[in-house]
Amino acid sequence: MAFIPGQPVTAVVQRIEIKKLRHGDNLILGFSIGGGIDQDPGQNPFSEDKSDKGIYVTRISQGGPAHEAGLRMGDKIMQVNGWDMTMVTHDKARKRLTRKDEDVVRLLVTRKSLEQAVKQSMGGCPRP
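The shown structure was predicted, so the numbers you read here are calculated from the model rather than taken from an experiment.

Reading the values: rules and limits
Residues numbered from 1 in each chain as written. Predicted model: local features only at pLDDT ≥ 70, side-chain atom pairs only at ≥ 80, totals over all residues. Heavy atoms only, no water. Helix = DSSP H or I, 4+ residues; strand = E, 2+ residues; numbered from the N terminus. Buried < 20%, exposed > 50% of the residue type's maximum accessible area, 1.4 Å probe, protein only. Polar contact = N/O pair within 3.5 Å; in protein donor to acceptor, adjacent residues only side chain to side chain. Contact = heavy atoms within 4.5 Å. Salt bridge = Lys/Arg side-chain N within 4 Å of Asp/Glu carboxyl O. Core = buried A, V, L, I, M, F, W, Y, C linked by side-chain atoms within 4.5 Å.

### A closer look at the environment of Lys112
Mapped onto the elements of the fold, Lys112 is located in helix H3 (residues 112–123). On a C-alpha basis, the gap between Lys112 and Gly74 in space is 8.7 Å, while along the polypeptide they are 38 residues apart.

In structure tokens, the structure reads:
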């Protein structure tokens, strides 16, 4: 997915709802993130052209809430509970995900396999 700052983004997204696991005072999601506009995109293993400053899933805890909900390592998080995540700092993304007053996190994510499936299905359709 090519990203040009200031230009509209077209992406195939999937909705994922994660119910946080309560552990004492902590709410556990079961995944870690990397990226953000304040981070070096060259260090992001999921950025194809090493210029994407998006928020990516970098780790999933096996059997945790995110794993059970279908989140995958390498997913790019586009929205969290309706909030745009395409141009945020790493800290802002972390805070948005870990709010203590929200037991459920609703994500819009995109992943390469989603885009590939749509491209293949469009290639298989007859054109008028």
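### Focus on the side chain of Asp52
Mapped onto the fold, Asp52 is located in the loop between strand S4 (31–35) and strand S5 (55–60). Assessed through its relative accessible area of 9%, Asp52 is described here as buried. A polar side-chain atom of Asp52 sits 3.0 Å from a polar atom in the side chain of Lys76. Residues in contact with Asp52, not counting those within four places in the same chain, are Pro41, Asn44, Ser47 and Lys76.

### Points about the pattern of salt bridges
Under the counting rule described, the total for this entry stands at nine salt bridges. Arg99 is the partner of Asp101 in a salt bridge, and the nearest nitrogen-oxygen pair spans 2.9 Å. Ionic contacts of the salt-bridge type, sharing partners, join the residues Glu17, Lys19 and Arg106 into one network.

### What about the nonpolar core?
The biggest cluster of nonpolar side chains holds 18 residues, and the ones touching the most others in it are Ile18, Phe31, Leu71, Ile77, Leu97 and Leu107. Put simply, the parts of the chain that give this core at least two residues each are strand S1 (14–19), S4, S5, strand S6 (76–80), helix H2 (90–97) and strand S8 (104–110). The dominant element in this core, judged by the number of residues it contributes, is S8, at three residues. If we skip the residues at most four places from it in the chain, Phe31 touches Ile18, Val57, Arg59, Ile60, Ala66, Leu71, Ile77, Leu97 and Leu107.

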